[in-house]
Amino acid sequence: MRGVNRVMLIGNLGKDPDVQHLEGNIAVAKFPLATTETFKDRTGKLVSQTEWHTVVLWRGLADLAEKYLHKSSLVYIEGRLRTRSWDDKDGNRKFATEVVGDNLIMLDKRMDSGGSSEAGDDGHGTGDTNSSDPSDSLPF
């Protein structure tokens, strides 16, 4: 039987991506990603629980991360879990579990040079709202 190793996360970067270029100019980016769940406990009090994930992106995705992502960026990451192990300088076995991203979607609202969203300040375009006929503001 085959297994499934799939991870989907939406969260905020804990710091700017650390990008390195390996032999052959292959880019690899690494950054911490925080995901937060909020729920009510038995007393009805809201409780937030944050989980930190180490995300690794390769090649083109690493280049995108270097160019567009920064601390606190909101992103969707899809990928797989990978666990690495190594021996430290004292001979102790260490492990690290990382999310190797295959897909990246930037979820921050894009801003134009004036500081407003692309569709206008209200996010609904720039149609004439004073018209008495609602069909006048339709784009077709």
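Above this text you will find the structure in question.
First, a word on scope: everything that follows refers to the structure included in this document.

## Focus: the pairing of strand 4 (residues 46-58)
At step 1: Summarising the sheet, strand 3 (residues 26-40) and strand 4 pair through 13 bridges and their orientation is antiparallel. Looking at the pairing, Lys 40 lines up with Leu 46 of strand 4.
At step 2: Counting the residues between successive antiparallel strands, the hairpin from strand 3 to strand 4 contains five residues, one of them, Gly 44, with a positive phi of roughly 90°.
At step 3: Sheet analysis places strand 4 next to strand 6 (residues 93-106), joined by two bridges and oriented parallel. Its bridge partner lying in strand 6, Val 55 is registered against Val 99.

## Notes on unusual backbone geometry
Peptide bonds are trans in most cases, and residues, glycine excluded, mostly fall at negative phi.
At step 1: A positive phi angle, near 50°, is found at Arg 59, a position not held by glycine.
At step 2: Its location among the elements puts Arg 59 in helix 1 (residues 59-68).
At step 3: In this structure, Ser 72 takes a positive phi of about 80° despite not being glycine.
At step 4: Within the fold, Ser 72 resides in the loop between helix 1 and strand 5 (74-87).

## Overview of the side chain of Thr 35
At step 1: Following the sequence through the fold, Thr 35 ends up in strand 3.
At step 2: Accessibility expressed as a relative area gives 15% for Thr 35, which makes it buried.
At step 3: Side chain to side chain, Thr 35 and His 53 meet in a polar contact 2.9 Å long.
At step 4: Look past the residues within four positions of Thr 35 in its chain and what remains in contact with it is Leu 9, Ile 10, Gly 11, Gln 49, Thr 50, Glu 51 and His 53.

Thresholds applied
Position numbers for residues start from 1 in each chain and track the written sequence from start to end. Owing to the predicted nature of the model, reporting of local features is limited to residues with pLDDT of at least 70; listing and counting of side-chain atom pairs is limited to 80 or more, with chain, interface and lining totals taken over all residues. The side-chain values count all of the structure's non-hydrogen atoms but skip hydrogen atoms and water molecules. Two strands are said to pair when DSSP picks up at least two bridges between them. Strands here mean DSSP runs of E at least two residues long; helices mean DSSP runs of H or I at least four residues long; both are numbered from the N terminus. Under the scheme applied here, a residue whose accessible area is under 20% of the maximum for its type counts as buried, over 50% as exposed, and between as partly exposed, the area being computed with a 1.4 Å probe on protein chains only. Pairing of N or O atoms within 3.5 Å defines a polar contact, subject to two protein rules: one partner must be a possible hydrogen donor and the other a possible acceptor, and residues neighboring in sequence count only if both atoms are side-chain atoms. Only heavy atoms enter the contact rule, under which two residues are in contact if any of them lie within 4.5 Å.

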